Protein chains: 2
Amino acid sequence: MKIDKGLIGGSTILLILTLLSEKDYYGYEIIKTLEEQSDSTFQFKEGSLYPVLHRMENEGFVVSYREKSESGKERKYYQITPLGQEQLAEEKEQWLVFSRAVNKIALGNEFGLAGA
Amino acid sequence: MKIDKGLIGGSTILLILTLLSEKDYYGYEIIKTLEEQSDSTFQFKEGSLYPVLHRMENEGFVVSYREKSESGKERKYYQITPLGQEQLAEEKEQWLVFSRAVNKIALGNEFGLAGA
DNA sequence: TGACGTACATAGATAATCTATGTATAATGC
DNA sequence: GCATTATACATAGATTATCTATGTACGTCA
């Protein structure tokens, strides 16, 4: 199933910051990891992800550094900052409030229990 | 808490069609109902909602008719169509898949159980 | 009579993403 | 040896979406 873009857009930063709170990732790795962990629900294209990462760096949520992989290809790694940690907490809270509200109205379910 | 616009945008049609699947609503009533049922999580402005309703009518998800209220004010009621019913089912399914994927990654929870 | 709530509508600014394209190297298959 | 695919970055431009601001109009209440 193709998920509507509008739905995905609002959660992109939450998803990226979640990954980065565990370890440093490079852009391409984020795309592959989100695709795998979501069972292909999320299939970001480079053109969608890289500008978001640049914006996040601009806003101080992440910092980046370049490093060569074993294969010799250069990668640009992103690391979450304390400000990014705060943002992550904020976005997670917003997601909870938001998804609970949608579930209540659209599924008639106050507790955010989706489909269980 | 102010919920990010991006998050809300993708679910607008799902929410509206859910209400309309129960009874006919007029625009202003949709705004008030979503605000009330979501404990003020959703606070749509007219400028945001009316263009969406017009678009939905354009796409055949709803039809509209005008009717005077007891007070004499004219209202424009929206009614869901069979195509709108299909769209509602589709959007509900998408919401389930999407929210489950976000919950799995961001909350480490495979079943979409948010905060319980 | 003035303020507020109801009820509709749209123009224009703003913001966001996606499509398409480009570069470059490594690995794989034939 | 050569072509294709995967990896890995980047950006311009088109498209699309929403929000802000504004306008109209009527009813009600103080």
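Use the structure listed above.
Presented here is a report on the structure given in the accompanying data block. Just so it is clear, the structure is predicted and the values come from calculations on it, not from any experiment. (Residues numbered from 1 in each chain as written. Chains lettered and ligands numbered in written order. Predicted model: local features only at pLDDT ≥ 70, side-chain atom pairs only at ≥ 80, totals over all residues. Heavy atoms only, no water.)

## Side note on the nonpolar core
As a rule of thumb, nonpolar side chains are buried together in soluble globular proteins.
Then, in step 1: With 62 residues, the main nonpolar core has Phe42(A), Phe98(A), Phe42(B) and Phe98(B) as its most contacted residues.
Then, in step 2: Among all residues touching Phe98(A), those that are not within four sequence positions of it are Ile3(B), Leu7(B), Ile8(B), Ser11(B), Thr41(B), Phe42(B) and Trp95(B). (Core = buried A, V, L, I, M, F, W, Y, C linked by side-chain atoms within 4.5 Å. Buried < 20%, exposed > 50% of the residue type's maximum accessible area, 1.4 Å probe, protein only. Contact = heavy atoms within 4.5 Å.)

## Things to note about the pattern of salt bridges
Then, in step 1: What the rule picks out here adds up to 6 salt bridges over all chains.
Then, in step 2: We note a salt bridge from Asp39(B) to Lys104(A), for which the minimum N-O separation is 4.0 Å. Of this pair, Asp39(B) sits in the loop between helix H3 (27-37) and helix H4 (46-58) while Lys104(A) sits in helix H5 (residues 82-106), placing the two residues on different chains.
Then, in step 3: Take Lys104(A): its relative accessible area is 27%, and that puts it in the partly exposed class.
Then, in step 4: As a salt-bridge pair, Glu74(B) and Arg66(B) come within 3.5 Å of each other at their nearest N and O atoms.
Then, in step 5: Its relative accessible area of 54% is what places Arg66(B) among the exposed residues. (Salt bridge = Lys/Arg side-chain N within 4 Å of Asp/Glu carboxyl O. Helix = DSSP H or I, 4+ residues; strand = E, 2+ residues; numbered from the N terminus.)

## Description of the sheet that holds strand E3 (residues 74-80) of chain B
Residue and element names in this part refer to chain B.
Then, in step 1: The antiparallel open sheet is built from 3 strands, whose spatial order is E1-E3-E2. Among the strands making up the open sheet, the edge pair consists of strand E1 (25-26) and strand E2 (62-68).
Then, in step 2: For E1 and E3, the ladder comprises 2 bridges, and the chain directions are antiparallel. The residue of E3 that forms the bridge with Tyr 25 is Tyr 78. (Pairing = 2+ DSSP bridges.)

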